[in-house]
Structures are given as structure tokens and as C-alpha cells.
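Below, each chain spelled out in residue letters.
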Amino acid sequence: MGETTVTTPEGQEEALPHPVTDETGQSVWHRLRTPRRPRLWFEILLIAVSYWTYSLVRNAVPEQRAQALRNADWIWKVEHQLGIAVEQTVNHAANSVTWLIVGMNYYYATLHFIVTLGVLVWLYRRHPGRYAATRLVLFSTTGVALVGYYLFPLAPPRLMNGGRFIDTVMVHQTWGSMASGDLKNMSNQYAAMPSMHIGWSLWCGLTIFALAAIPWVRVLGLLYPALTLVVIVATANHFWLDAVGGMLCLAFGYTVARVWYGTLPHALPRLVPSQGRTAPLLPTRA
């Protein structure tokens, strides 16, 4: 069954070896690229280790303060030339409404993680066939962002010299940013480009829009990254162009998934067979 035989002109049968395959008759390479049902224990471990590694690498990038401040001045100058340098106006306007800016501080600190994990859980339960590909987009997006942190250290607007931005966390004594207040020593303050608040929220929004069946849920999916964009600017944690950097990282993530799986995640089958089930073997032809 494991070999195909042919008859030579001399009437003798010779065995022709098959290429390396697994038990389903598919190449190992093809099997790795085929959507499979995710394992819960593996996914929890993978996400925990990946985020720990991401945080470790991000915070290990040297805090090049002088270069980060020069880059911030350059970004601010470019935005003025483009006519989009309105971050300071948004920051001061939001800060004038206490309940609004305090809510934004907590939004910035919490939803970034809660919504992203929630979408992963939803994918795992409702779209197991698309889970691995969509997770690959998120991981690739985050991985390439680390390169940006290393190559282009950038101070957020609230840390600019003479920028007259308001650090809303410090003013209102909330814990809305890992880079402010008592938590500032736990995070690299000069890793603002690209914005993963935008990269992750846009990943969530596009995933929900592409896969959710309820129209108003799809609309909420699109509103989430738009509101996140307002929040990161109003709290003076990012420039508009940091958001562009996050979008470019996400585009890279989708490209990686497209190359690996041959299609975008939403186009893959929603359901896949359980791990223990295999496709029936075809009879070997002699």
C-alpha cells in the first residue's frame, strides 16, 4: 500500500517510492498550510508566551530619548506641512471635559487588551477554520511593529519639549497609560511608532466586519478602530502618523497570511474537522 509498482520491459516489478507524506496522503508542507481546529491549551500558551516576548523585546529596545524627541519634532513638522497637525487641539478639547477624558484614559488602558482577547475567543469558538490564519495576521503585525520600535524611536506628543500637550493621565491621576504615572517604568516610553492600539483595533474591526452575521455588530466593528484613533490622539499618546504606521503593519500581517494560506482569512472555511478525524484514504493503484 505504501509503494506504487511498475512493470519494466524485462517483466520485473520495481517499487517507486512516494514523496514524504503523512497518514492522509498529503505532503507535510500542505498539511501545515491547511486550516485545522485549534487546541485550547496550545492557544493559551502561545498567546501568553507571545505577549510576554513582545513586551520583553519592546521594553528592551533602548530608550533613545534624544533621538526619540528629535523624531517627534520631525513628525510634528511633517504633519504641519500636511495640514493635519490638530492633535494639540483635540487633546486640549477632550481634557476640558473631565468625565470624557477620564473615560478615554481607561479606554486606552483596558480595551486594547479586552477587545483583542475577546475577538480571539470568538474566533476560536465560532470560526475555528479561520482562527489560525487570523491569529497569524495579528502576530505578524505585532512582530513587524517591534522592528519599528527599534529603528524609529519616537516620543509621544505628551513628552515633547515645548509641545504644550497635556498628559491626561498625570493631570487626572488615572492609570490610563502604561507609560505615565507610577507605571511608566514598566514600559518603553519612546516606542510610539507604530501604534499597536491602531494595529490591534483595526484587526479587531476588520475581523468583526468580515465575519459577523448581525449588521449592527459589523458596524460596531468598524467604529471601534475609529474611536480608538480619537482616543490615542486625545490622550496625547500618539500622532496621527503613528496610526498610519499601525495600518501599514497590519497590511504586512494580512500579506503574510495571504501568502501562507493562499487566501485571506475570511475566505477560508468556517468549520474544520476535529483533530482526531482524517479524510478517507484512497486505494493505492498498482
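See the structure printed just above.
Note that this is a predicted model, so its numbers are computed, not measured.

**Student:** Before we go on, may I ask you to explain helix H10 (residues 240–261) in this structure?
**Tutor:** Given 3.6 residues to a turn, an α-helix orients residues that are three or four positions apart in the same direction. Between its first and last C-alpha atoms H10 spans 32 Å; for 22 residues at 1.5 Å apiece the expected length is 32 Å, and the two agree. Buried residues of H10: Leu241, Asp242, Ala243, Gly245, Gly246, Cys249, Leu250, Gly253, Tyr254, Ala257 and Tyr261, and no others. Tucked into the core, H10 has its buried residues touching helix H3 (65–82), helix H6 (128–151), helix H8 (196–211) and helix H9 (215–234). Phi turns positive, to about 80°, at Gly262, one or two residues after H10.

**Student:** Mind showing me how you'd approach the packing of H8 against H9 here?
**Tutor:** Relative placement of two packed helices is described by the angle separating their axes and the distance separating the axes. Running from amino to carboxyl end, H8 crosses H9 at an angle of 170°, the nearest separation of the two axes being 7 Å. Overall, the two elements H8 and H9 adopt an arrangement that is roughly antiparallel. Across the interface between the two elements, His197, Ile198, Ser201, Leu202, Cys204, Gly205, Ile208 and Phe209 of H8 pack against Val217, Arg218, Gly221, Leu222, Tyr224, Pro225, Thr228, Leu229 and Ile232 of H9. Partitioning the contact of H8 with H9 into residue classes produces eleven nonpolar, five polar and one charged.

**Student:** Teacher, can you tell me more about the nonpolar core here?
**Tutor:** Counting residues in each nonpolar core, the largest one holds 34 residues, and the members touching the most others are Tyr149, Met196 and Trp203. Where this core is concerned, the elements lending two or more residues are helix H5 (98–126), H6, H8, H9 and H10. In this structure, Trp76, Val78, Ala85 and Ala192 belong to the second largest nonpolar core, which totals 17 residues.

**Student:** Is there a simple way to think about the pattern of salt bridges in this case?
**Tutor:** Oppositely charged side chains may form a pair once their charged atoms are brought near each other. Taken as a whole, this structure holds one salt bridge when the rule is applied. Put simply, Arg158 and Asp167 hold a salt bridge, and the shortest N to O gap is 3.4 Å. Its relative accessible area of 15% is what places Asp167 among the buried residues.

**Student:** What am I meant to see in the packing of H5 against H9 here?
**Tutor:** Here H5 crosses H9 at 130°, and the two axes come no closer than 10 Å. On the basis of their axis angle, the class for H5 and H9 is oblique. Crossing of H5 over H9 shows left-handed handedness. Counting all contacts with H5, which are made through Ile101, Met104, Tyr107, Tyr108, Leu111, His112 and Val115, the residues of H9 involved are Tyr224, Leu227, Thr228, Val230, Val231, Ile232 and Ala234. For the contact of H5 with H9, the residue count by class is twelve nonpolar, two polar and no charged.

Each value, and the rule that gives it
Numbering of residues starts from 1 in each chain and follows the order in which that chain's sequence is written. Restriction of local features to residues with pLDDT of at least 70 applies here, the model being predicted, together with a cutoff of 80 or more for giving and counting side-chain atom pairs; totals for whole chains, interfaces and linings are based on all residues. Excluded from the side-chain calculations are hydrogens and water; all other atoms, namely the structure's heavy atoms, are used. By the criteria applied, helices consist of DSSP H or I runs no shorter than four residues and strands consist of E runs no shorter than two, each listed in order from the N terminus. Multiplying 1.5 Å by the helix residue count minus one yields the expected span of that helix. Per-residue accessibility, obtained with a 1.4 Å probe over protein chains only, is compared with the maximum for each type, and a residue is labelled buried under 20%, exposed over 50%, and partly exposed between these values. Only heavy atoms enter the contact rule, under which two residues are in contact if any of them lie within 4.5 Å. For helices, the axis comes from a line fit to the C-alpha atoms of the stretch in contact; other axes are also lines fit to C-alpha atoms, and the angle between any two N-to-C directions lies between 0 and 180 degrees. When an angle is under 35 degrees it counts as roughly parallel; over 145 it counts as roughly antiparallel; between 65 and 115 it counts as roughly perpendicular; any other value is oblique. Gly counts as polar in this scheme, as do all residues outside two lists: the nonpolar Ala, Val, Leu, Ile, Met, Phe, Trp, Tyr, Cys and Pro, and the charged Asp, Glu, Lys and Arg. The criterion is simple. A nonpolar core is a set of buried Ala, Val, Leu, Ile, Met, Phe, Trp, Tyr and Cys residues joined through side-chain atoms within 4.5 Å. By definition here, a salt bridge exists when the distance from a side-chain nitrogen of Lys or Arg to a carboxyl oxygen of Asp or Glu is within 4 Å. Should the near helix be turned anticlockwise from the far one by less than a right angle, the crossing is left-handed, and should it be turned clockwise, the crossing is right-handed.

Bear in mind that shape data such as this cannot, by itself, settle questions of function.
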